[in-house]
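Spelled out from the first residue to the last, the chains are:
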Amino acid sequence: MTNTFTVKNPATGETLATITRNSVDEIEQAIQKGHDAFQTWKKTNAHERARLLTKWSNLIQENKLAIAKVMTEENGKPLAESIGEVDYATSYIDWYAEEAKRIYGRTIPAHVDGKRLMVSKHPIGLVAAITPWNFPAAMMTRKAAPALAAGCTFIVKPAEETPLTTIRLTELAHEAGIPTNVIQCMNGQGRVVGKIFTESELVRKITFTGSTPVGKALIKASADTVKSVTMELGGHAPVIVAKDADIDMAVAQTITTKFRNAGQTCVCANRVLVHESIIDEFSTKLAEKTKQLVVGNGLDENTDVGPVINEGSYEKIVQQINDAVQKGAKVLVGAKYDVDQERKSFFVHPTVLANVTDEMEIMHEETFGPVAPLTAFSDLDEAIKIANNTPYGLAAYFFTNDYKVGNYLFDNLDYGIIGWNDGAPSAAHVPFGGMKESGLGREGGTEGIEPYLETKYLSIGNLFE
Ligand SMILES: NC(=O)c1ccc[n+]([C@@H]2O[C@H](COP(=O)([O-])OP(=O)(O)OC[C@H]3O[C@@H](n4cnc5c(N)ncnc54)[C@H](O)[C@@H]3O)[C@@H](O)[C@H]2O)c1
Ligand SMILES: O=C[C@H](O)CS(=O)(=O)O
């Protein structure tokens with residue numbers, strides 16, 4: 001019996017496709033093929049790898065609207081965001097096509113006469129990637145691009161909620177001339193495929209984007225074969241609005257970071273800490289702007305906020321809102337839901353909660369939904385203590401025009417990504433990643449290709465004997 005799963009539109013419940021899960025044998029064969037292909041791909045010169053990556057990027061751009069439509073249909077995000085994600089995804093390919101040509105080594109002055117010392121970088125081998133549903137294009141290329149640029153071969157397993165985008169990107173890579181066994185897409189349940197990936201000695205690296213619990217399991221499972229791991233995990237981003245902040249700008253940037261992808265990003269604001277002297281004005285303005293956001297099907301050009309991905313996400317978000325309200329939070333806007341149990345579509349209206357306190361679940365558990373909890377602070381050290389009081393350390397944001405306050409916050413916030421008067425810091429040419437239980441390693445920027453490289457040191461002795 002074939003093992004299949006259906007891909008549904010979270011806005012309408014429509015079945016978009018039925019996908020066959022790859023069997024254990026097929027995945028093991030793909031691993032062998034990827035390992036074998038590595039022996040050739042690693043010898044492909046960097047400029048040829050760069051040329052093929054650029055061709056891939058161009059093909060994606062030529063198909064941008066079609067890819068974006070599929071992404072909106074399977075993920076739910078507004079079409080404009082899907083179009084933006086396709087651009088974001090190709091920006092990683094473009095950046096690493098160039099980085100392929102800059103994988104430099106170095107020579108080291110010898111400590112002994114007649115010796116010559118050299119260091120060079122080499123691809124780590126076959127890379128296995130597991131990606132989430134919230135950015136099915138960018139989370140794939142953020143891994144595939146540096147891996148292929150470094151000379152590695154690559155297998156990706158997308159989330160079962162959103163496989164269609166990743167399947168299409170893989171097809172376009174092959175159309176661009178990247179050999180079929182150099183980049184492959186396998187479909188299946190995470191636990192099943194992850195076990196095959198981590199147990200294989202031929203897989204030399206695991207790169208994962210997803211929840212922290214799954215990341216921890218993958219790290220443990222990778223230990224038996226001492227695999228390199230890159231982990232982009234959960235977050236719980238604080239926003240600190242200092243008393244001197246430009247309130248209108250802080251409101252606009254908080255909206256940007258909070259409600260993108262219906263709040264389903266790892267770097268979304270999850271707590272909004274506002275100085276007590278300005279919290280009334282900030283809260284009123286944030287609620288007014290939030291009320292203007294349009295909830296609907298992502299294919300409707302007027303939509304700002306689409307559905308959440310599934311019933312489980314919906315139930316967690318509602319639980320956090322109800323818990324907060326029961327413990328004294330005030331709903332300034334939202335806490336409204338459009339649910340169709342027959343279609344299994346779940347819309348959460350953008351929500352702003354005031355008077356949030358530390359006892360509430362939302363202050364400690366990642367929401368992954370369109371809910372902005374507001375809490376007041378009286379001094380900066382109190383805000384920093386609240387902000388750092390989490391196992392996570394991915395993204396944090398603050399708003400101030402005081403350079404001393406800004407530098408003090410930057411120095412004392414334990415986060416890998418920090419936005420100062422900026423709610424949208426991500427880009428392909430910068431290091432993206434977190435501290436503590438938000439992950440291991442970085443993706444993007446010059447740091448993002450290092451995890452796919454091994455360092456070799458050569459000592460030539462008795463050179464002139
Ligand atoms: N740090 C980042 O860059 C980043 C980006 C996006 C999402 N995330 C995080 O991902 C989470 C939401 O995404 P999600 O719900 O898809 O996460 P998830 O961990 O449930 O799933 C992510 C991927 O892992 C697979 N998976 C699930 N269980 C697995 C297992 N036991 N072994 C191996 N693979 C398994 C899934 O099939 C999917 O492909 C949030 O916590 C979010 O913060 C982090
Ligand atoms: O959700 C995770 C993404 O990495 C967020 S971003 O689009 O890279 O900012």
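Residues numbered from 1 in each chain as written. Chains lettered and ligands numbered in written order. Predicted model: local features only at pLDDT ≥ 70, side-chain atom pairs only at ≥ 80, totals over all residues. Heavy atoms only, no water.

Here's the deal with the site of ligand 2
What counts is decided by this rule: Here a residue is considered near a molecule or strand provided that any single heavy atom belonging to it is located within 4 Å of it. Residues adjacent in sequence count toward polar contacts only when both atoms are side-chain atoms; beyond that, a polar contact is any pair of N or O atoms within 3.5 Å, and within protein one must be able to donate a hydrogen and the other to accept it. In this description, accessible areas are obtained by the Shrake-Rupley approach with a 1.4 Å probe, and a residue is regarded as covered only by the protein chains that are shown. For this classification, Asp, Glu, Lys and Arg are treated as charged, while Ala, Val, Leu, Ile, Met, Phe, Trp, Tyr, Cys and Pro are nonpolar and the rest, including Gly, are polar. Here the bounds of each domain stem from an automatic or database domain assignment.
Near ligand 2, the surroundings consist of Tyr88, Asn134, Phe135, Met139, Arg142, Arg260, Thr265, Cys266, Val267, Ser426 and Phe432. Residue Tyr88 places a side-chain N or O atom 2.7 Å away from an oxygen atom belonging to ligand 2. Residue Arg142 places a side-chain N or O atom 3.1 Å away from an oxygen atom belonging to ligand 2. Contact with the protein chains covers 99% of the free accessible surface of ligand 2, which is 280 Å². Class assignment of the residues belonging to the shell around ligand 2 gives a composition of six nonpolar, three polar and two charged. When residues are assigned to domains, the shell around ligand 2 turns out to be shared by domain 1 (4-233 + 438-459) and domain 2 (237-427), each giving three or more.

Overview of the packing of helix H2 (residues 46-62) against helix H5 (residues 138-150)
Rules: Geometry is summarised by axes, namely lines fitted to C-alpha atoms with helices restricted to the contacting stretch, and by angles between N-to-C directions that run from 0 to 180 degrees. Secondary structure elements follow DSSP: runs of H or I no shorter than four residues count as helices, runs of E no shorter than two count as strands, and numbering proceeds from the N terminus. Convention used here: angles under 35 degrees read as roughly parallel, angles over 145 as roughly antiparallel, angles from 65 to 115 as roughly perpendicular, and any remaining angle as oblique. In this scheme, a crossing is called left-handed if the near helix is turned counterclockwise away from the far one by less than a right angle; it is called right-handed if the turn is clockwise. The contact definition used throughout considers only heavy atoms, calling two residues in contact when any of these lie within 4.5 Å.
Relative orientation of the contacting elements H2 and H5 amounts to 155 degrees, with a least axis distance of 9 Å. Put simply, H2 runs roughly antiparallel to H5. At the point where H2 passes H5, the crossing takes the right-handed sense. Note on element contacts: H5 touches H2 through Met140, Thr141, Ala144, Ala145, Leu148, Ala149 and Ala150, opposite Arg49, Leu53 and Trp56. Looking at the contact of H2 with H5 residue by residue, the classes come out as eight nonpolar, one polar and one charged.

Quick notes on the pattern of salt bridges
The condition that has to hold: Put simply, a salt bridge is a Lys or Arg side-chain nitrogen that is within 4 Å of an Asp or Glu carboxyl oxygen.
Evaluated as defined, the whole model comprises 19 salt bridges. Where salt bridges share partners, they join Glu98, Lys101 and Arg102 into one cluster.

What to know about the UniProt feature "domain: Aldehyde dehydrogenase" (unreviewed entry) in the protein
This is how the line gets drawn: UniProt positions are given in the numbering used here, feature names are shortened, and annotations may be inferred rather than shown by experiment.
Residues annotated in UniProt with the feature "domain: Aldehyde dehydrogenase" (unreviewed entry) correspond here to residues 3-457. Annotated as residues 3-457, this span is 39% helix and 22% strand, and its ends, taken at the C-alpha atoms, are 47 Å apart.

Details of the site of ligand 1
As a structural note, the neighbourhood of ligand 1 is formed by 26 residues, with Thr131, Gly210, Ser211, Leu233 and Glu366 the closest of them. Between ligand 1 and Trp133, the relevant distance is 3.0 Å, taken from an oxygen atom to a side-chain nitrogen or oxygen of the residue. A distance of 3.4 Å separates a nitrogen atom of ligand 1 from a polar atom in the backbone of Gly190. Computed on the free molecule, ligand 1 has an accessible area of 840 Å², of which 85% lies beneath the protein chains in the complex. Among the elements of the structure, helix H7 (190-199), strand E8 (203-209) and helix H8 (212-222) are those that each provide at least two residues to the shell around ligand 1. Among the residues making up the shell around ligand 1, the classes are represented as 13 nonpolar, eight polar and five charged.

Considering the sheet that holds strand E7 (residues 183-185)
Just so we agree on the cut-off: Following DSSP output, two strands are said to pair if at least two bridges run between them.
Pairing is mixed across the open sheet formed by six strands, whose spatial order is E7-E6-E5-E8-E9-E19. The open sheet has two edge strands, E7 and strand E19 (439-440), and neither has a second partner. Where strand E6 (residues 153-157) and E7 come together, three bridges link them in parallel fashion. Bridge pairing in E7 links Ile155 to Gln184. Contacts from helix H6 (residues 163-175) reach E6 and E7, with the element oriented near 150 degrees to E7.

Quick word on the sheet that holds strand E3 (residues 106-108)
Pairing is antiparallel in the open sheet, where three strands are placed in the order E3-E4-E20. Whereas interior strands pair on both sides, the edge strands pair on one side only; in this sheet they are E3 and strand E20 (453-460). Here the average twist between neighbouring strands, direction ignored, is 25 degrees. Here strand E4 (residues 116-123) pairs with E20 via eight bridges, running antiparallel. If you follow Val119 over to E20, its bridge partner there is Tyr457.

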